[in-house]
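# A look at the structure
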Amino acid sequence: MLFNPSRDEARRFFIQSWQKHQAGAPLADLEKVVVAVLLRHPEYHRYLSDDYLDRDWPPEVGETNPFLHLSMHLAIEEQLSIDQPLGVKAQYSALCVACGDEHSAQHQMMDGLGEMIWHAQRNQSAPDPAIYLDILRTKVRQFGGKD
């Protein structure tokens, strides 16, 4: 599943995957993953058109960038499919139990993923998977689970 598209390419991929799904056209494996993520987020369906290719969602406005949110889901799906960083799948399973469902667990993982990226940017270093996994373990404990 790993690829490195530009912002516009990623947005077009989400839009085209959704359009194919709506038309009942056959989907490639990655498109199936994208559609599964999109189905869990009906609040973003209105953004799945070329009208939103150039729109920005600055953090200071307080709106969530739907394409960033969906891309983070996709990144987490990739991590889980290959258990990278090693141990992320076990932490996800523990979060699923602690949070009560997979979608909430992935949203907790997004927080950890974002924090790991923030640390890397702040320190001008590569993302540290140990930070990410530690954050996930902390989240499991916060929700009353066992890591």
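This text gives an overview of the structure that appears in the document. (Residues numbered from 1 in each chain as written. Predicted model: local features only at pLDDT ≥ 70, side-chain atom pairs only at ≥ 80, totals over all residues. Heavy atoms only, no water.)

On to the overall build of the protein, then. Each helix and strand counted, the protein has six helices and zero strands in total. Moving toward the C terminus, one meets the helices and strands of the protein in the order α-α-α-α-α-α. Along the three orthogonal principal directions, the C-alpha set of the protein runs to about 45 × 35 × 25 Å. Expressed as a percentage of the 147 residues in the protein, the buried residues total 37%. Residue pairs at least 24 apart in sequence account for 58% of intrachain contacts in the protein once pairs closer than 6 positions are excluded. (Helix = DSSP H or I, 4+ residues; strand = E, 2+ residues; numbered from the N terminus. Buried < 20%, exposed > 50% of the residue type's maximum accessible area, 1.4 Å probe, protein only. Contact = heavy atoms within 4.5 Å.)

Right, let's get into the packing of helix α1 (residues 7-23) against helix α2 (residues 29-39). As a packed pair, α1 and α2 sit with axes 9 Å apart at the nearest point and diverge in direction by 85°. In terms of orientation, α1 lies roughly perpendicular with respect to α2. On the side of α1, the interface is formed by Phe13, Phe14, Ser17, Trp18, Lys20 and His21, while α2 contributes Leu30, Glu31, Val34, Val35, Leu38 and Leu39. Considering only residue class, the contact of α1 with α2 consists of eight nonpolar, two polar and two charged. (Axes fitted to C-alpha atoms, helices over the stretch in contact; angles between N-to-C directions. Parallel < 35°, antiparallel > 145°, perpendicular 65-115°, else oblique. Nonpolar A, V, L, I, M, F, W, Y, C, P; charged D, E, K, R; others polar.)

With that settled, consider the side chain of Gln106. In this fold, Gln106 is placed in helix α5 (residues 102-123). Excluding its chain neighbours within four sequence positions, the residues that come into contact with Gln106 are Arg40, His73, Ile76, Glu77, Leu80 and Tyr92.

On to the layout of surface pockets, then. By volume, the second largest pocket is sized at about 250 Å³. What lines the second largest pocket is Trp57, Pro59, Glu63, Thr64, Asn65, Leu68, His69, Met72, His107, Met110 and Asp111. Among the elements of the structure, α3 (66-82) and α5 are those that each provide at least two residues to the lining of the second largest pocket. (1 Å grid on protein atoms, 1.4 Å probe; cavity = no way out; pocket = protein on both sides within 12 Å on 5 of 7 lines; lining within 4 Å. Points joined across faces, edges and corners; volume = space filled by probe spheres on them.)

A word on the pattern of salt bridges. Overall, the coordinates contain seven salt bridges when judged by the stated rule. A salt bridge links Lys20 to Glu31, with the shortest nitrogen-to-oxygen separation between them at 2.9 Å. Here Glu31 lies in helix α2 and Lys20 lies in helix α1, a separation of 11 residues in the sequence. Put simply, Arg55 and Glu63 hold a salt bridge, and the shortest N to O gap is 2.8 Å. Residue Arg55 is classed as partly exposed on the basis of its relative accessible area of 27%. (Salt bridge = Lys/Arg side-chain N within 4 Å of Asp/Glu carboxyl O.)

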